[in-house]
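# Topology and contacts: notes
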Amino acid sequence: MTVWLNGGVLADEDARLSVRDHGLTVGDGVFETMKVESGVPFALSRHLARLHTSGQRLGLAVPSDDTLRAAVSELLAADGSAGRVRITVTGGDGPPGTERGGAMPTLLLVSGPRVPAAASGSLVTVPWARNERSAIAGAKTTSYAENVVALAHARASGADEALFLDTRGNLCEGTGSNVFFVLDGRLLTPALTTGCLAGVTRGLVIEWSGATEVELPRVALDEASEVLITSSTRDVQPVHSVDGRTYPVDGSVTREAAATFARLSRERLDP
Ligand SMILES: Cc1ncc(COP(=O)(O)O)c(C=O)c1O
C-alpha cells in the first residue's frame, strides 16, 4: 500500500489524520476507486467527474482536476505495481458535531494490489432498502455503513454480494456493484431514479453494449435468463445465483458484454 496525503507521498507511519476529521467522525466525505493497469488508471476522467458530482451533492470542496491528476501521478510513480487507487476527499478537521466548519478538505490517496474477481458471483436480496430519495442518493460518499451491514448479511447468507431494492421494491444495486439482467434477450439495468450509483463500469456497458435503463421490481429477476454485476474492480462479472435461483454464467449476452468491455477498455484507457 502506498499513501499520498495532503500534498505528497508519505511513509505509512507518517500519514496522520486529525482525530476530528469529519470523514472519520460523521462520514462526511466522497471517494472514488479505480483500477490501474501497467501504471495507468482506467477511466480517470470519468472517476474525477463523478468525484466532483459527489462533492457538489455534499457541498464539499473537491480539489481541482489538476491537483487530483498530479496526486494520482505522484502516487503511481511511487507504487509501480499498483492495481487500484482510491481517492478520498473529506470535510477535514471539523467540529465534533454534524456541522462541517471551515477547515481545508482532507485529500487522501491510497494505492494497492487488485485482487482478481472470481469467475462468477452470487447475490442475495437484503431486507433493507436503498433510499432513492435520500439526500445522498447516487453520490459516492464515505458513509458506507449501510453497505458494510448489507455485505456482512450477504456473506453470512453464503452469497458474495448484496442486492438492494429501492424503497418502492425496484431492483437497485449491490454494495459495491451495479446489476444488469437479460429479459427477452435485452440487456437491462436499474435506472438512476432507483438511487443506484452511476457506476463508471455501468455507464460504459450501457454505451458499449446498448443496455436499457429500467425501473422493475425484484420479481423481474425470476424471468431473467442472465444476470451480471459491474464495478471498477470486477469489470463485468457473471452472476450464477440470486437468492438461490441459478443463472448460466456463460449466457450469450453476458459473454458479449464482458468481451466488449475487455476489448474496448484495453483500447481506450480513458474512455
Ligand atoms: C454502491 C456502488 N454501486 C456501484 C458501484 C460500481 O461503480 P463503478 O463501476 O464506478 O466502480 C460501486 C463501486 O464501488 C458502489 O460502491
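The structure reproduced in this document is the subject of the present report. (Residues numbered from 1 in each chain as written. Predicted model: local features only at pLDDT ≥ 70, side-chain atom pairs only at ≥ 80, totals over all residues. Heavy atoms only, no water.)

### Things to note about the overall build of the protein chain
Quick note on the threshold: Comment: elements are numbered from the N terminus, with helices defined as DSSP H or I runs of at least four residues and strands as E runs of at least two. Here a residue-residue contact requires only that any non-hydrogen atoms of the pair lie within 4.5 Å. Where accessible areas are quoted, they stem from the Shrake-Rupley method and a 1.4 Å probe; at the residue level, only the protein chains shown are allowed to cover. Counted as positive: Lys and Arg. Counted as negative: Asp and Glu, with His and the chain ends omitted from the count. Where a charge lies is defined by one atom per residue type, namely NZ (Lys), CZ (Arg), CG (Asp) and CD (Glu).
When helices and strands are tallied, the protein chain shows 7 helices and 15 strands. Structurally, the protein chain occupies a C-alpha span of about 55 × 40 × 30 Å along its principal axes. Look at the contacts in the protein chain between residues 6 or more apart in sequence, and 69% of them connect residues 24 or more apart. Accessible surface, the protein chain: about 12,300 Å² in total, of which carbon and sulfur atoms supply 53%. The average position of the 25 basic charges and that of the 32 acidic charges among the side chains of the protein chain differ by 2 Å.

### Structural notes on the sheet that holds strand 4 (residues 40-41)
Stated precisely, the cut-off is as follows: In short, DSSP must find at least two bridges between two strands for them to pair. Where helices are involved, their axes are fitted lines through C-alpha atoms of the stretch in contact, as for all axes, and angles between N-to-C directions lie from 0 to 180°.
Spatially, 2-1-6-5-3-4 is the arrangement adopted by the 6 strands of the open sheet, whose pairing is antiparallel. Each edge of the open sheet carries a strand with a single partner, namely strand 2 (8-10) and strand 4. Looking at chain direction, strand 1 (residues 2-5) and strand 2 are connected through 3 bridges and run antiparallel. In the strand pairing of strand 2, Trp4 is matched with Val9. Helix 2 (residues 44-58) rests against strand 3 (29-37), strand 4 and strand 5 (84-90) of the sheet, and its axis sits at about 175° to strand 3. Packed on one face of the sheet, helix 3 (residues 65-78) meets strand 1, strand 2, strand 3, strand 4, strand 5 and strand 6 (106-112) and runs near 35° to strand 6.

### Focus: the site of the ligand
Rule in force here: Each residue is tested against the molecule or strand, and it is near if at least one of its non-hydrogen atoms lies within 4 Å. Think of a polar contact as two N or O atoms within 3.5 Å of one another; within protein, one of them needs to be a possible hydrogen donor and the other a possible acceptor, and neighboring residues in sequence only count if both atoms come from side chains.
Residues in contact with the ligand amount to 17 residues; listed here are only the nearest, Tyr144, Glu173, Val200, Thr201 and Ser232. Contacts to the ligand include Lys140, whose side-chain N or O atom sits 2.8 Å from an oxygen atom. At a separation of 2.2 Å, an oxygen atom of the ligand approaches a polar side-chain atom of Tyr144. Out of a free accessible area of 390 Å², the ligand has 92% covered by protein chains.

### Describing unusual backbone geometry
Phi at Ser38 takes a positive value of approximately 50°, unusual for a residue other than glycine. A positive phi angle, close to 60°, is found at Asp235, a residue other than glycine. Note on placement: Asp235 falls in strand 14 (residues 235-242).

### Some words on the pairing of strand 13 (residues 226-231)
Convention followed: A 1.4 Å probe rolled over the protein chains alone gives each residue an accessible area, and that area as a share of the maximum for its type sets the label: buried under 20%, exposed over 50%, partly exposed in between.
Taking burial as the measure, the 6 residues of strand 13 include 6 buried ones, the bulk of the element. Direction of pairing for strand 10 (residues 178-183) relative to strand 13: antiparallel, over a ladder of 5 bridges. Counted as the bridge partner of Asn178 is Thr230 from strand 13. Where strand 13 and strand 14 come together, 4 bridges link them in antiparallel fashion. Residue pairing across strands places Thr230 opposite Val236, the latter belonging to strand 14.

### A short note on the packing of helix 2 against helix 3
Defined as follows: Each angle receives one of four descriptions, namely roughly parallel if under 35 degrees, roughly antiparallel if over 145, roughly perpendicular if within 65 to 115, and oblique otherwise. For a crossing to be left-handed, the near helix must be turned anticlockwise from the far one by less than a right angle; the clockwise case is right-handed.
Contact geometry for helix 2 and helix 3: axes closest at 11 Å, N-to-C directions at 130°. Classified by the interaxial angle, the pair formed by helix 2 and helix 3 is oblique. Note that helix 2 runs across helix 3; the crossing there is right-handed. Between helix 2, through Leu44, Ser45, Leu48, Leu51 and His52, and helix 3, the contact on the second element is made entirely by Asp65, Leu68, Arg69 and Val72.

### Brief notes about the packing of aromatic side chains
Definition in use: Stacked, tilted and edge-to-face are the three classes applied to pairs of Phe, Tyr and Trp rings, where Trp contributes its six-membered ring and a pair requires centres within 6.5 Å; stacked means planes under 30 degrees apart, edge-to-face means over 60, and tilted covers the rest.
A full pass over the atoms with the stated rule returns 3 aromatic pairs. Arranged with centres 6.1 Å apart and planes meeting at 75°, the rings of Phe42 and Phe261 form a pair that is edge-to-face. Note that Phe42 is positioned in the loop between strand 4 and helix 2 and Phe261 in helix 7 (residues 252-267), a separation of 219 residues in sequence. When sorted by exposure, Phe42 lands in the same class as Phe261, which is buried. Aromatic side chains Trp208 and Phe261 sit 5.5 Å apart centroid to centroid with 50° between the ring planes, which places their arrangement in the tilted category. A residue pair is termed long-range when its members are at least 10 positions apart, and Trp208 in helix 5 (residues 200-209) and Phe261 in helix 7 qualify at 53 residues.

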